[in-house]
Amino acid sequence: MAVVDLCGADELRPGERRRYYAEGENIILCSVDGTVAAFRNRCPHQRVELLHEGSFTDGVLTCPMHGWAFDVRTGRSLNASGQLTRFPAEVRNGRVFVTLPDPW
Ligand code: FES
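All values reported here derive from a predicted model rather than from experimental measurement.

### Comments concerning the overall build of the chain
From N to C terminus, the chain includes zero helices and 10 strands. For the chain, the sequential pattern of α-helices and β-strands runs β-β-β-β-β-β-β-β-β-β. For the chain, the C-alpha radius of gyration of 13 Å lies close to 13 Å, the compact-globule estimate for 104 residues. Dimensions of the chain along its principal axes, counting C-alpha atoms only, are 35 × 35 × 20 Å. The buried share among the 104 residues of the chain stands at 25%.

Okay, here's the thing in structure tokens:
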């Protein structure tokens, strides 16, 4: 595992999502309910890495390809059986730290 200093907490406004790359991972960071949630930026439907281009409203991230929607509070799909891969994330001293798995 690697703990990565991903960005400043103020880079992400409330209700915003943004893509980052770190340690070979394509990450989508979402601001929701006053905190942050980090996921692999890959839709479980067809493994497309474009979630950052989908809509993000009221904590629901929708894949732009075929419309699978995910509640970023849980990572679970609201309209299909998929689940996003979540990475532990925390805000510390004004920075967002994300724990990433070892590469395989
Ligand atoms: S690839 Fe995301 S919904 Fe199909």
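From this point on, the discussion continues.
### Some remarks on the nonpolar core
A general trend in soluble globular proteins is that nonpolar side chains are found buried together. One finds Leu29, Cys30 and Ala38 to be the most contacted residues of the largest nonpolar core, which totals 21 residues. Elements with a minimum of two residues in this core: β3 (25–32), β4 (35–40) and β10 (95–100).

### Details of the sheet that holds strand β9 (residues 89–92)
Reading across the sheet, the three strands line up as β1-β10-β9 and stay open at both edges, with antiparallel pairing between neighbours. Each having just a single partner strand, β1 (2–8) and β9 make up the two edges of the open sheet. Averaged over all pairs of adjacent strands, the angle between their axes in this sheet comes to 30°, without regard to strand direction. Summarising the sheet, β9 and β10 pair through four bridges and their orientation is antiparallel. Paired with Glu90 across the strands is Phe97, a residue of β10.

### Topic: the sheet that holds strand β2 (residues 17–22)
Strands sit in the order β2-β3-β4-β8 across an open sheet of four strands; the sheet is antiparallel. The open sheet has two free edges, formed respectively by β2 and β8 (86–87), since each of these has just one partner strand.

### Things to note about unusual backbone geometry
Residues other than glycine seldom take positive phi values, yet Arg47 does so here, at roughly 60°. For Arg47, the position within the fold is in the loop between β4 and β5 (55–57). A count of 8 C-beta atoms within 10 Å places Arg47 in the exposed class. You will see that Asn93, though not glycine, has its phi angle at about 50°, which is positive. For Asn93, a count of 7 C-beta atoms within 10 Å puts it in the exposed group.

Parameters and conventions
For every chain, the first residue of the written sequence is number 1, and numbering continues from 1 along that sequence. Residues qualify for local features only when their pLDDT is at least 70, as the model is predicted, and side-chain atom pairs are given and counted only at 80 or more; totals for whole chains, interfaces and linings, by contrast, use all residues. Only DSSP runs of H or I reaching four residues or more are called helices, and only runs of E reaching two or more are called strands; each is numbered from the N terminus. Only C-alpha atoms enter the radius of gyration, while the globule expectation follows 2.2 Å times N to the 0.38, with N the number of residues. Partly exposed residues are those falling between the two cut-offs: more than 12 but fewer than 20 other C-beta atoms within 10 Å of their own, whereas 20 or more means buried and 12 or fewer means exposed, with C-beta atoms placed from the backbone. In this description, a nonpolar core means buried residues of the types Ala, Val, Leu, Ile, Met, Phe, Trp, Tyr and Cys, linked to one another by C-beta atoms lying within 7 Å. The criterion for strand pairing is that DSSP finds at least two bridges linking the strands in question. To obtain an axis, a line is fitted to C-alpha atoms, over the contacting stretch when the element is a helix, and the angle between two such axes runs from 0 to 180 degrees between their N-to-C directions.

Scope: geometric values only; no functional claims are made or implied.
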